[in-house]
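Descriptive analysis of the structure
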Amino acid sequence: VCVLAGCNQSKKKKDDTGPRRLEILFLGHSNEHHNSREYAPILASALSKDGINISYSENLEDLNSYNLSLYDGLIIYANYDTISKQEEKALLDYVRSGHAFIPIHSASFCFRNSPDYIDMVGGQFISHDTATFTAKIVNKDHPLMKSVKEFSTWDETYVHDQLSKDLTVLEERIEGDHHEPYTWVKNYGEGKVFYTAYGHDERTWKNPEFQNLIKQGILWGISDKVKAQWVAFEKTIPKLVYKPMPNIPNYEKREP
């Protein structure tokens, strides 16, 4: 996991010929509210064993055409209020050209000076309360949801407005008669967007089902060519197996 802002510039171009892992850029921030510095490594650790590498940055200047070209997809989980015209163009062009975009939780309240960004995400956060709840899967036949299970977690009960008409809603948060779109996908040019409102703190980020939801969103969003390279690479990853060894000297006999 790359954990320093701006360190992505030293990365090499992706191998576009043979099997390889996925390369995902995670744009976070230094704000302790929605602590991306803490949560990005949790996700990176969970997905690295599946051949998905996450590089972390807190530098908005990393939203440039060269740096973005090093990655198969972009996660945003942050609280940036504005974006420059140059960074906006690089981001929009990157997704339009066929890459995966994975805005998580507070990303739906980022870059409020950019109507095009809000349209690309598919909606904008307007308010929330908090609760322990389970978002209802409402599109079980969507390819992304084939390996996803419903899960309960404490989180913020996001409400959105400016919802795009071209959303495919995958999960809803149901409260009385109100059905709030909570996880959705949409196409954007040649690219694909996956959004979920889940993700306020570690209670969700440490949930294996949330981690799997993000994984499936990434795999759905990448191009067919990149997916085929990743599938070939995944077949080469050794599967770790736990084997009890009772006679290890000085072993503390903790739970595995």
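Residues numbered from 1 in each chain as written. Predicted model: local features only at pLDDT ≥ 70, side-chain atom pairs only at ≥ 80, totals over all residues. Heavy atoms only, no water.

Considerations on helix α6 (residues 208–221)
The end-to-end C-alpha separation of α6 is 20 Å, in line with the 20 Å expected for 14 residues at 1.5 Å each. With 12 of 14 residues buried, α6 is to be regarded as a mostly interior element. For α6, every residue scored as buried is listed here: F210, Q211, N212, L213, I214, K215, Q216, G217, I218, L219, W220 and G221. Measuring from the backbone nitrogen of E209 back to the side-chain oxygen at the start of α6 gives 2.8 Å, which picks out N207 as the cap. (Helix = DSSP H or I, 4+ residues; strand = E, 2+ residues; numbered from the N terminus. Expected span 1.5 Å × (residues − 1). Buried < 20%, exposed > 50% of the residue type's maximum accessible area, 1.4 Å probe, protein only. Polar contact = N/O pair within 3.5 Å; in protein donor to acceptor, adjacent residues only side chain to side chain.)

Here we look at the nonpolar core
Ranked by internal contacts, the top residues of the largest apolar core, which has 71 residues, are L74, I76, F111, Y117 and I218. For L74, the residues in contact, after removing those within four places along its chain, are L25, L27, L63, L68, L91, Y94, A100, F101 and I102. (Core = buried A, V, L, I, M, F, W, Y, C linked by side-chain atoms within 4.5 Å. Contact = heavy atoms within 4.5 Å.)

Some remarks on the pairing of strand β11 (residues 178–188)
Counting buried positions along β11 gives 8 out of 11 residues, so the element sits mostly inside the fold. Across 7 bridges, strand β10 (residues 168–175) lies against β11 in antiparallel orientation. Bridge assignment links E175 to a residue of β11, and that residue is H178. Here β10 hands over to β11 after 2 residues, with G176 in that stretch at a positive phi of 65°. Of the strand pairs in this sheet, β11 and strand β12 (residues 191–196) are connected by 6 bridges, and their pairing is antiparallel. Bridge pairing links K186 to V193 in β12. Linkage of β11 to β12, two consecutive antiparallel strands, is achieved through a turn of 2 residues, within which G189 is found at a positive phi near 60°. (Pairing = 2+ DSSP bridges.)

Comments concerning unusual backbone geometry
The backbone of H34 shows a phi angle near 60°, a positive value even though the residue is not glycine. Along the chain, H34 falls in the loop between β1 (22–27) and α1 (36–48). One non-glycine residue, H105, lies in positive phi territory at about 55°. With respect to the helices and strands, H105 occurs in the loop between β4 (100–103) and α4 (115–121).

Describing the sheet that holds β1
In spatial order, the strands read β2-β1-β3-β4-β12-β11-β10-β7; together these 8 strands make up an open sheet with mixed pairing. Two strands close off the open sheet at either side, each with one partner strand: β2 (52–57) and β7 (136–137). Contacting β1, β2 and β3 (73–76), α1 crosses the sheet at an angle of about 165° to β2. (Axes fitted to C-alpha atoms, helices over the stretch in contact; angles between N-to-C directions.)

What about the confidence of the model for the chain?
Summing up the model confidence of the chain, the mean pLDDT is 92 and the portion of residues at 70 or higher is 93%. Overall, residues 1–9 carries pLDDT values under 50, and its contacts beyond four positions in sequence, including any with other chains, amount to 29 contacts. (pLDDT = per-residue confidence, 0-100.)

A word on the environment of D155
Position of D155 among the secondary structure elements: in strand β8 (residues 152–156). On the accessibility criterion, D155 (0% relative accessible area) is buried. Sequence separation between D155 and T134 is 21 residues; the distance between their C-alpha atoms is 9.7 Å. Excluding its chain neighbours within four sequence positions, the residues that come into contact with D155 are H105, D129, T130, A131, F133, A197, Y198, G199, H200 and T204. One polar contact links the side chain of D155 to the main-chain amide nitrogen of H200, over a distance of 3.1 Å.

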